[in-house]
Amino acid sequence: MKKTFLAIVATIAVAIAGCSSNPPVIDYDPSVDFSNYRTFAFISDHPVMRAEGSPPGSPLLEGRLMRITEDILNAKGFRIVANAEEADFAIGYTSGARDKIKVNSYPEPYRPYYGGWGWGAPYYGGGYGGGSNVDVQQYVEGTLAIDIYDVAEHKPAWHGVATKRITDSMRRNPDESLTEIVNEILEGFPPGSMAQ
C-alpha cells in the first residue's frame, strides 16, 4: 500500500509540475487593423529594456531575441525592413527576473503504527498522528514581454508577456528555450491567427 501511495503522490507531483507554466497573456488594441501589416522593424538598435531591479542578464540575450523574433515573423509572412519609420509595425521587449521562494507544507502520511496511519487512538499508543513536512524551494522567475507598436499611428498595438521559472536546462540551452518562449508569445500575433 505504501508503494501505491508513493506512486500516486509522484504522479500528482509530475502533473502539477507540468502545469506550473502559465500560458502567455495577450492584449491588443481592437481598433488596429492588423490585416494591413506586412513589414516590421525593431523599435531601436537596442530594443530590449531591463525591468527595474532585475539582475544583469547575458549581453547575448538581445541578439538572440531579435534573431528568433525575425525568424518567427518571417515564417508568418512578415518582412523585416531596416528603418522603423518605413515599417508597418515596430517591436520592443522588456525582460526581467526576480528571486522567488515557494513553501509547501505536506501532512506526514506515515507513522510506525498500524501500517503507518496511526489508527487505534491513544488506547494502543498510536493516536492519529499529526505533523507535517515543509519543503522550501528558491528559484528564479523570468518575464519576457513583446510589445508591437503601430508605426503610422505611433501607438501601442499589441502586447504579449510570458512568465516562466528559469531552469538550469534553460540556461544551458538559451536558443532553444527562447525560441519556445517567443513562439508561445507570438502564436497569438496577429490577433485571430491562432487555430481555434
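Let us look at the structure shown here.

Cut-offs used in this document
Just so you know, the residues in each chain are numbered from 1, in the order the chain's sequence is written. Where totals are concerned, whole chains, interfaces and linings use all residues; where local detail is concerned, this predicted model gives features only for residues with pLDDT of at least 70, and gives and counts side-chain atom pairs only at 80 or more. Only heavy atoms go into the side-chain values, all of them from the structure, while hydrogens and water stay out. Put simply, DSSP H or I for four residues or longer makes a helix, DSSP E for two residues or longer makes a strand, and each gets a number counted from the N terminus. Relative accessible area decides the class of each residue, using a 1.4 Å probe on protein chains only: under 20% of the type maximum gives buried, over 50% gives exposed, and in between gives partly exposed. Should any heavy atoms of two residues lie within 4.5 Å, those residues are considered in contact. Polar contacts, as used here, are pairs of N or O atoms within 3.5 Å; protein pairs need one atom able to donate a hydrogen and one able to accept it. Residues neighboring in sequence count only if both atoms are side-chain atoms. Residues enter a nonpolar core if they are buried and are Ala, Val, Leu, Ile, Met, Phe, Trp, Tyr or Cys, with the set joined through side-chain atoms within 4.5 Å. Only Phe, Tyr and Trp rings are paired, with Trp represented by its six-membered ring, and only when their centres lie within 6.5 Å; those with planes under 30 degrees apart are stacked, over 60 edge-to-face, the remainder tilted. By definition, a salt bridge exists where a carboxyl oxygen of Asp or Glu is found within 4 Å of a side-chain nitrogen of Lys or Arg. Take the number of residues in a helix, subtract one, and multiply by 1.5 Å to get its expected span. Geometry is summarised by axes, namely lines fitted to C-alpha atoms with helices restricted to the contacting stretch, and by angles between N-to-C directions that run from 0 to 180 degrees. Geometric relationships in this document are graded by angle, where less than 35 degrees denotes roughly parallel, more than 145 denotes roughly antiparallel, 65 to 115 denotes roughly perpendicular, and other angles denote oblique. In this scheme the handedness of a crossing depends on how the near helix is turned from the far one: anticlockwise by less than a right angle means left-handed, clockwise means right-handed. Residues are grouped as follows: nonpolar covers Ala, Val, Leu, Ile, Met, Phe, Trp, Tyr, Cys and Pro; charged covers Asp, Glu, Lys and Arg; every other residue, Gly included, is treated as polar.

## What to know about the overall build of the chain
Argument step 1. A tally of regular secondary structure across the chain gives 4 helices and 7 strands.
Argument step 2. Helices and strands in the chain line up, N terminus first, as α-β-β-β-α-β-β-β-β-α-α.
Argument step 3. In the chain, which comprises 196 residues, the share counted as buried stands at 32%.
Argument step 4. Of all intrachain contacts in the chain linking residues separated by at least 6 positions in sequence, the fraction that spans at least 24 positions is 75%.

## Considering the environment of alanine 145
Argument step 1. With respect to the helices and strands, the residue alanine 145 is situated in strand S6 (residues 132-150).
Argument step 2. The class of alanine 145 is buried, set by a relative accessible area of 8%.
Argument step 3. Once you skip the residues sitting within four places of it in the chain, alanine 145 turns out to touch Gly92, Tyr93, Thr94, His159, Gly160 and Val161.

## Topic: the side chain of lysine 164
Argument step 1. By secondary structure assignment, the location of lysine 164 is in strand S7 (residues 155-166).
Argument step 2. A distance of 2.8 Å separates the side chain of lysine 164 from the side chain of glutamate 184, its partner in a polar contact.

## So, the nonpolar core
Argument step 1. Among the nonpolar cores identified, the biggest contains 28 residues, and Phe89, Ile91, Tyr93 and Phe189 are the most heavily contacted of them.
Argument step 2. Mapped by element, the contributors of at least two residues to this core are strand S2 (39-42), helix H2 (61-75), strand S5 (89-107), S6, S7 and helix H4 (174-186).
Argument step 3. Each residue touching tyrosine 93, except ones within four places of it in the same chain, is listed here: Phe42, Pro47, Val48, Met49, Leu65, Met66, Thr69, Leu144, Ala145 and Ile146.
Argument step 4. By size, the runner-up hydrophobic cluster in this structure holds 6 residues, among which are Ala41, Ala87, Ala90 and Val151.

## A closer look at the packing of aromatic side chains
Argument step 1. Counted according to the given criterion, the structure contains 11 aromatic pairs.
Argument step 2. Taking the centre distance of 6.0 Å and the plane angle of 90° together, the rings of phenylalanine 34 and phenylalanine 189 count as edge-to-face. Of the two residues, phenylalanine 34 sits in the loop between strand S1 (25-28) and S2 while phenylalanine 189 sits in the segment after H4, which places them 155 residues apart along the sequence.
Argument step 3. Their ring planes at 70° and their centres at 5.3 Å tell us that tryptophan 158 and phenylalanine 189 sit as a pair that is edge-to-face.

## Here's the deal with the pattern of salt bridges
Argument step 1. This model, assessed by the stated rule, comprises 4 salt bridges.
Argument step 2. Of the charged contacts in the structure, one is a salt bridge between arginine 64 and aspartate 175, with a shortest N-O distance of 2.5 Å. Of this pair, arginine 64 sits in helix H2 while aspartate 175 sits in helix H4, placing them 111 residues apart in sequence.
Argument step 3. By relative accessible area, which is 19% here, arginine 64 ends up buried.
Argument step 4. When its relative accessible area of 31% is taken as the criterion, aspartate 175 is described as partly exposed.
Argument step 5. For arginine 67, the salt bridge is made with aspartate 175, and the minimal N-O distance between the two is 2.7 Å. Here arginine 67, found in helix H2, pairs with aspartate 175, found in helix H4; they are 108 residues apart in sequence, far enough to count as distant.
Argument step 6. On the accessibility criterion, arginine 67 (37% relative accessible area) is partly exposed.
Argument step 7. Overlapping salt bridges, with partners in common, bring together Arg64, Arg67 and Asp175 in one network.

## Some remarks on H2
Argument step 1. Its 15 residues give H2 an end-to-end C-alpha distance of 21 Å, which sits within 8% of 21 Å, the value for a rise of 1.5 Å per residue.
Argument step 2. Every buried residue of H2 is accounted for by Leu61, Glu62, Arg64, Leu65, Met66, Ile68, Thr69, Ile72 and Leu73.

## Quick word on unusual backbone geometry
Argument step 1. With omega at -10°, the peptide bond leading from phenylalanine 189 into proline 190 counts as cis.
Argument step 2. In this fold, proline 190 is placed in the segment after H4.
Argument step 3. With a phi angle near 50°, histidine 154 is a residue other than glycine that sits in the positive phi range.
Argument step 4. Inspection of the secondary structure puts histidine 154 in the loop between S6 and S7.

## Observations regarding the packing of H2 against H4
To characterise two packed helices, one gives the angle between the axes of the helices and the distance between these axes.
Argument step 1. Between H2 and H4, whose axes approach to 10 Å, the crossing angle comes to 50°. Accordingly, the angle class assigned to the pair H2 and H4 is oblique. Handedness of the H2/H4 crossing: right-handed. Together, Leu61, Arg64, Leu65, Arg67, Ile68, Thr69, Ile72 and Leu73 of H2 and Pro174, Asp175, Leu178, Thr179, Val182, Asn183 and Leu186 of H4 make up the contact between the two elements.
Argument step 2. Here the residues of the contact of H2 with H4 sort into 9 nonpolar, 3 polar and 3 charged.

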